[in-house]
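Structure at a glance
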Amino acid sequence: MRLTFQAKYLTKKTQARSVEAIRLLDELLVQLVASVTVDVMPGQYDYTPPQQPLHHCMFPLSVPYPTLQLVNNPYQAVVDGVQFLGTAGQNVSDIAKYSNVDDHLEILETTLRLRHLAPTAPDTLGALNHFLLSSWTYADTYRSGCSIFQTQ
């Protein structure tokens, strides 16, 4: 008897759920982009070489609208004159993994105070264009995707 092991993400059922989820997202996006501008940033588990924009072929219904913007992670935007810099949270999670600090809000505050977006990249956090990491410092506030909501 020969046993073969196959990764869960390679099974047909899992793939079908992923494809179905993207199709449903595209149907939701087409309703939104018909009236407002929408920026779609890859998340922590999206496969894109370190966080490049999701490919336009994933959203055939909504990509014809000029109000859909497929953006990279991290992403910087200006909304009504307010500058935002957002990430999917990998930078905060990576610091928590390799430090004694477990509070994501405290880590976020520290990165703001130190003015460095991804201090652990490229050592333990995947990063595109390693030679540009010195430009990942910032002067303004940003929003990072965290597992829990906190304010201070």
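Structure first, text after, so check above.
What counts, and at which threshold
- Residues numbered from 1 in each chain as written.
- Predicted model: local features only at pLDDT ≥ 70, side-chain atom pairs only at ≥ 80, totals over all residues.
- Heavy atoms only, no water.
- Axes fitted to C-alpha atoms, helices over the stretch in contact; angles between N-to-C directions.
- Helix = DSSP H or I, 4+ residues; strand = E, 2+ residues; numbered from the N terminus.
- Parallel < 35°, antiparallel > 145°, perpendicular 65-115°, else oblique.
- Contact = heavy atoms within 4.5 Å.
- Nonpolar A, V, L, I, M, F, W, Y, C, P; charged D, E, K, R; others polar.
- Patch = residues over 30% accessible without salt bridge, like charges linked within 9 Å, V, L, I, M, F, W, Y side chains within 5 Å.
- Areas by Shrake-Rupley, 256 points an atom, 1.4 Å probe, with all protein chains shown as cover.
- Salt bridge = Lys/Arg side-chain N within 4 Å of Asp/Glu carboxyl O.
- Lys, Arg positive; Asp, Glu negative; His and termini not counted.
- Charge placed at Lys NZ, Arg CZ, Asp CG, Glu CD.
- Buried < 20%, exposed > 50% of the residue type's maximum accessible area, 1.4 Å probe, protein only.

This paragraph deals with the packing of helix α2 (residues 90-97) against helix α3 (residues 104-114). Contact geometry of α2 with α3 gives a least axis separation of 10 Å together with a crossing angle of 110°. Classed by the angle they form, the pair α2 and α3 counts as roughly perpendicular. Here α2 contributes V92, S93, I95 and A96 to the contact with α3, which in turn contributes H104, I107, L108 and T111. Among the residues making up the contact of α2 with α3, the classes are represented as five nonpolar, three polar and no charged.

Another point: a negative patch on the surface. Among the surface-exposed residues, D102, D103, E106 and E109 lie close enough to one another that they form a single negatively charged patch. With respect to the helices and strands, the residue D103 is situated in the loop between α2 and α3. By relative accessible area, which is 30% here, D103 ends up partly exposed.

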